[in-house]
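Coordinate inspection notes
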Amino acid sequence: MRDDLSDCGTTRLFVVFDPEMYELPDNEHRIDRVHVFVFNRQNQYITSYLGGPYDYLSGQIYEVPIDLDPGSYHFVAWTNSGEPFKTTPHISEFVPYVTTLNEIELYLDDGADNNYTEDVPDLHYGLLRAADVSASEFNDHTIYLIPDTYRINVTVQGLENSEDDYQFLIEDNNSHFSFDNYIVSGYSDVHHIRVAQLEDGELSASMRVFSLTNDHSIEHMGSSEHDDRSPVFSFSDLTTDETLYRDNLVKMIRKAYETAGKTVDFDKTYEFNIILSFDANMDVTVSVNGWSYKYNPTEL
């Protein structure tokens with residue numbers, strides 16, 4: 001950035017999240033802050049802008065004014081960054097023209113030791129590559145956000161009445177995100193934990209979780225290719241220390257859809273309603289968003 005900005009145009013970034021494009025849970029995907037990071041064509045960090053806190057309205061457009069020298073830039077946007085999401089290295093350690101997009105990661109830092117008994121915050125991501133800025137009065141560009149969190153609702157039916165404590169657990173290695181929105185491997189698993197008791201013959205839990213697939217980057221939206229990450233869902237009786245159900249969560253969702261001749265679109269559907277129905281022999285029928293199949297534990 002130069003001190004003399006007389007040749008700089010005013011860049012107006014319009015950050016947009018359009019909930020009509022997705023199948024979302026009601027009253028979710030709030031945006032309290034928008035953090036835009038600017039990189040040059042060499043992927044070198046230039047500057048950033050943090051806007052908020054906002055009183056979010058569905059479909060709201062966020063305007064981000066930034067003064068830039070004429071040139072071509074990449075813009076990366078994250079929502080709710082700063083608190084509780086942090087970057088590594090810390091943003092205070094970013095060095096213009098030295099720190100690169102490829103070395104920065106975003107992660108959730110809330111002191112929970114990766115064990116979450118309440119919902120993680122909403123997270124959204126946006127990327128605009130090779131946006132040209134000229135010396136004209138205004139340079140208008142739009143960054144479209146995609147959700148990076150999903151809602152998983154689970155109901156268990158068919159168990160005998162008891163006062164046992166039961167646990168729902170989703171384990172996934174997805175605590176850190178690269179700045180092109182890929183999940184960075186090599187970190188400790190995130191544990192989403194809910195404890196419940198039987199009520200009227202059913203158990204239920206709801207969890208907001210981070211991205212379920214690693215092909216969720218902007219450049220791969222709509223891709224038919226899938227990664228081999230393995231988020232695991234399990235349901236256990238804590239009182240008897242018995243695991244009653246355990247399977248790959250993404251596999252569960254895909255199999256339910258495929259059994260019905262459907263294809264799940266993780267780039268569009270962000271809420272999955274799962275029902276585990278136990279019969280008298282403790283065999284399980286799995287239903288996801290209305291599509292069902294018989295669970296075979298030998299396939300895990």
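Residues numbered from 1 in each chain as written. Predicted model: local features only at pLDDT ≥ 70, side-chain atom pairs only at ≥ 80, totals over all residues. Heavy atoms only, no water.

Below, the discussion takes up the overall build of the protein chain. A count of helical and extended segments in the protein chain gives 1 helix and 20 strands. Looking at the protein chain as a whole, 51% of its 300 residues qualify as buried. Of all intrachain contacts in the protein chain linking residues separated by at least 6 positions in sequence, the fraction that spans at least 24 positions is 70%. A total of about 14100 Å² of accessible surface is found on the protein chain, and carbon and sulfur atoms cover 44% of it. (Helix = DSSP H or I, 4+ residues; strand = E, 2+ residues; numbered from the N terminus. Buried < 20%, exposed > 50% of the residue type's maximum accessible area, 1.4 Å probe, protein only. Contact = heavy atoms within 4.5 Å. Areas by Shrake-Rupley, 256 points an atom, 1.4 Å probe, with all protein chains shown as cover.)

A separate point is the pattern of salt bridges. The tally for this structure, following the rule as stated, stands at 6 salt bridges. For Asp140, the salt bridge goes to Arg12, with nearest N and O atoms at 2.7 Å. Separated by 128 residues along the polypeptide, Asp140 in strand 10 (residues 138–147) and Arg12 in strand 1 (residues 9–16) bring together distant segments of the chain. In this structure Arg12 comes out as partly exposed when scored by relative accessible area, which is 23%. The partner of Lys251 in a salt bridge is Asp247, and the shortest N-O contact between them spans 3.8 Å. (Salt bridge = Lys/Arg side-chain N within 4 Å of Asp/Glu carboxyl O.)

Turning to the pairing of strand 17 (residues 242–248), a few remarks are in order. The pairing of strand 16 (residues 232–237) with strand 17 spans 6 bridges and is classified as antiparallel. Bridge assignment links Phe235 to a residue of strand 17, and that residue is Tyr245. The turn joining strand 16 and strand 17, which pair antiparallel and follow one another in sequence, is formed by 4 residues; a positive phi near 60 degrees is taken by Asp241. (Pairing = 2+ DSSP bridges.)

Overall, mixed pairing links the 5 strands, which are arranged 15-11-18-19-20 in an open sheet. Looking along the sheet, the strands with just one partner apiece sit at the ends: strand 15 (202–210) and strand 20 (291–294). Taking each pair of neighbouring strands and ignoring which way they run, the sheet shows an average axis angle of 20 degrees. Here strand 11 (residues 149–157) runs beside strand 18 (residues 271–278); their pairing, made up of 7 bridges, is parallel. (Axes fitted to C-alpha atoms, helices over the stretch in contact; angles between N-to-C directions.)

To continue, consider the pairing of strand 19 (residues 284–288). Side-chain direction in a regular strand flips from residue to residue, so the side chains alternate between the two faces of the sheet. Of all 5 residues in strand 19, 4 are buried, a share of seventy percent or more. Of the pairings in the sheet, the one linking strand 18 to strand 19 comprises 5 bridges and is antiparallel in character. Following the sheet pairing, Leu276 is matched in strand 19 by Val286. The hairpin formed by strand 18 and strand 19 contains 5 residues between the paired strands, and Met282 there has a positive phi angle of roughly 65 degrees.

Take unusual backbone geometry next. Comment: phi is negative for the bulk of residues other than glycine, and the bulk of peptide bonds are trans. Backbone torsion omega between Thr88 and Pro89 reads 0 degrees, so that peptide bond is classified as cis. Its place among the elements puts Pro89 in the loop between strand 6 (85–88) and strand 7 (105–108). Backbone geometry places Asn43, a non-glycine residue, at a positive phi of 65 degrees. Note on placement: Asn43 falls in the loop between strand 2 (34–40) and strand 3 (45–51). You will see that Asn181, though not glycine, has its phi angle at about 70 degrees, which is positive. The residue Asn181 is located in the loop between strand 13 (176–178) and strand 14 (190–196) in this model.

Here Thr79 is to be found in strand 5 (residues 71–79). Polar side-chain contacts of Thr79 include one of 2.8 Å to the side chain of His124. With residues near it in sequence (within four places) discarded, Thr79 still touches Ile31, Arg33, Val34, Phe85, Asp122, Leu123, His124 and Leu145. (Polar contact = N/O pair within 3.5 Å; in protein donor to acceptor, adjacent residues only side chain to side chain.)

The subject of this paragraph is the confidence of the model for the protein chain. Fine structural detail should not be taken from predicted coordinates in areas where pLDDT scores are low. The predicted model of the protein chain has a mean per-residue pLDDT of 85, with 87% of residues at 70 or higher. Mean pLDDT in the protein chain bottoms out at strand 1, which sits at 79, and peaks at strand 19, which reaches 97. Low pLDDT, under 50, characterises residues 1–6; the stretch is placed with 9 contacts to residues that sit more than four places away or in other chains. Within the model, pLDDT remains below 50 along residues 216–227, and this stretch shows 33 contacts once partners closer than five positions in the same chain are excluded. (pLDDT = per-residue confidence, 0-100.)

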